[in-house]
Amino acid sequence: DWNPDSFIDSTIKELKEKLGDDKVVLGLSGGVDSSVAAVLLHKAIGKNLHCIFVDNGLLRKGEYEQVLDSYQHMGLNVRGINARELFVGQLTGIKDPEQKRKIIGAAFIEVFDNAAHEVQDVKWLGQGTIYPDVIESVSVNGPSATIKSHHNVGGLPDFMKLKVVEPLNTLFKDEVRRVGKALGLDQALLGRHPFPGPGLAIRIIGEITPERIAILQDADAIYINNLKSSGWYDKVWQAGAIFLPVQSVGVMGDERTYEHVICLRAVGSMDGMTADWSHLPYDLLGKISNEIINNVKGINRVVYDISSKPPATIEWE
Ligand code: XMP
C-alpha cells in the first residue's frame, strides 16, 4: 500500500543518487505541486536546489510577498524576481485571451531563462509535474504547463535543454498533498485553490490596466477572506473574482455612479474537467457584495456566476 513516508524516504534516496553534487533550477508557482517538489529536492540536495519565484504582477493581493516569505521560512534557497512591469507592460492593449496566455508564457520563459543562466553550471531543471500532467499532454497548473505549451515557438530556451527531474510524476494530486503534509508544509499552502498560470490576466475580461488589476485584487481579497472566515474556502474547489469591463448605473449617497462590475465565481469539482457552481449562502453573498461595493472604488455592482462546466468553463477567458 502506498504511503507518504516511504515515498519520501525512497524518493530522497533516489534523488541523492541521481543528482549527486549537481545543481538543479526550479520555478516555484506558489502552488502545491511545485512547492512539494521543491521541498523534496531540498531535502535531497540542499543548497544545490536553486528555486526561482517570479512575480508577474498578476497574482492575488499580497500573495507574492506571503508566499516568498513562507518559502524562505521553509529554508529553501529561493530567489524572488519582481517582473511586474515586464508582464503588465507587454499586456497593454491586449484583449484576446489566447494572446494574453502566449504573452505571459513567453515572458515567463524569458525571465526564468535569464535567472537560470545565473546559476553557474546548472545541470537539471526540476519540475512539479504530477501523474495527470504526464498522461494528459496539456497540464493545467503551474509553470510546467506554460513551458510545455511553448515547446514549438522556435529555438528552445537554454533551461529547456537541461535534463529534467520530476520527483512527483507518479503521484496524483491527493497523494501530493499527503506527501506535502508529511513533509510539514503549511496547511495554508497545501489547501490552496488551483490558480491559473496567467493569473488575474484571464480574470480581467478584455483590456488589462494597472488600475483594473488593483481593483480586482482588492475585490478578490474581500471575497477570499470572507470564504475563509465563513468556512466555505475549504468546501469549494476553486473561487475567484472576475472583473467585467461593463459599466452600469448606480447611486452612492446623492451621486449617480457609472462603474464596473465584479463577478464572483465558486465551483465544486474533482479535477477541473467538469464543475458545478457552488451554492454559497445568500447571506454570505450579500455580505461580500456590500463589502466590495463599499470598499472598492470603481465597482458599483456585484453578480454571482451560476453556470456549470460544461457548457461554461471555470475561468471566463
Ligand atoms: P477552465 O476555465 O478551462 O479551467 O474550466 C480549468 C482549470 O484550469 C485552470 N486554467 C489554467 N491553468 N493556465 C493554467 O495554469 C491556464 O492558461 C489556465 N486556464 C485555465 C483553471 O483555473 C481551472 O482550475
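Calculation criteria
- Residues numbered from 1 in each chain as written.
- Predicted model: local features only at pLDDT ≥ 70, side-chain atom pairs only at ≥ 80, totals over all residues.
- UniProt positions renumbered as here; feature names shortened; annotations may be inferred.
- pLDDT = per-residue confidence, 0-100.
- Contact = placed C-beta atoms within 7 Å.
- Core = buried A, V, L, I, M, F, W, Y, C linked by C-beta atoms within 7 Å.
- Buried ≥ 20, exposed ≤ 12 C-beta atoms within 10 Å, placed from the backbone.
- Helix = DSSP H or I, 4+ residues; strand = E, 2+ residues; numbered from the N terminus.
- Domains from an automatic or database assignment.
- Pairing = 2+ DSSP bridges.
- Axes fitted to C-alpha atoms, helices over the stretch in contact; angles between N-to-C directions.

As recorded by an unreviewed UniProt entry, the protein carries the name GMP synthase [glutamine-hydrolyzing] and is attributed to Arcticibacter pallidicorallinus. In its Subunit (unreviewed entry) section, UniProt records this for the protein: "Homodimer." The record in UniProt for the protein states the following under Pathway (unreviewed entry): "Purine metabolism; GMP biosynthesis; GMP from XMP (L-Gln route): step 1/1."

Chemist: Can you help me understand the confidence of the model for the protein in this one?
Modeler: Parts of the model with low pLDDT should not have their predicted coordinates read in detail. When pLDDT is averaged across the protein, the result is 93; 94% of the residues are at 70 or more. Counted against residues more than four places away or in other chains, residues 138–153, with its pLDDT under 50, gives 35 contacts. Two numbers describe this predicted complex: its pTM, 0.91, and its ipTM, 0.99.

Chemist: What should I look at first to understand the nonpolar core in this one?
Modeler: Nonpolar side chains tend to gather and get buried jointly when the protein is soluble and globular. In terms of nonpolar packing, the biggest core is built from 75 residues, with L41, C51 and A219 touching the most fellow members. For this core, the element with the highest residue contribution is helix α2 (residues 32–45), accounting for nine residues. Taken domain by domain, this core gets at least three of its residues from each of domain 1 (4–190) and domain 2 (203–304). What C51 contacts, discounting residues up to four positions off in sequence, is L26, L28, A38, Y71, L76, N77, V78 and R79.

Chemist: Explain unusual backbone geometry to me, please; I cannot follow it from the model alone.
Modeler: Cis geometry marks the peptide bond from K309 to P310, where omega comes out at -10 degrees. Secondary-structure assignment places P310 in the segment after β9 (299–304). Here the residue pair P310 and P311 is connected by a cis peptide bond, since its omega of 5 degrees sits within 30 degrees of zero. With respect to the helices and strands, the residue P311 is situated in the segment after β9. The phi dihedral of D121 is positive, around 60 degrees, even though this residue is not glycine.

Chemist: Looking at this model, I keep getting lost on the sheet that holds strand β3 (residues 78–82). Mind explaining?
Modeler: Two strands in a sheet stick together by hydrogen bonds in their backbones, pointing the same way (parallel) or opposite ways (antiparallel). Spatially, five strands are ordered β3-β2-β1-β4-β5 in an open sheet, and the strand pairing comes out parallel. Each edge of the sheet is formed by a strand with only one pairing partner; in this case those strands are β3 and β5 (163–165). Taking the axes of each pair of neighbouring strands and ignoring which way they run, one obtains an average angle of 30 degrees across the sheet. Bridging between strand β1 (residues 23–28) and strand β2 (residues 49–55) involves five bridges; their strand directions are parallel. Within the sheet, the bridge partner assigned to L28 lies in β2 and is F53. The strands touched by helix α3 (residues 63–73) are β1, β2 and β3; relative to β2, the strand with the most contacts, the crossing angle is about 170 degrees.

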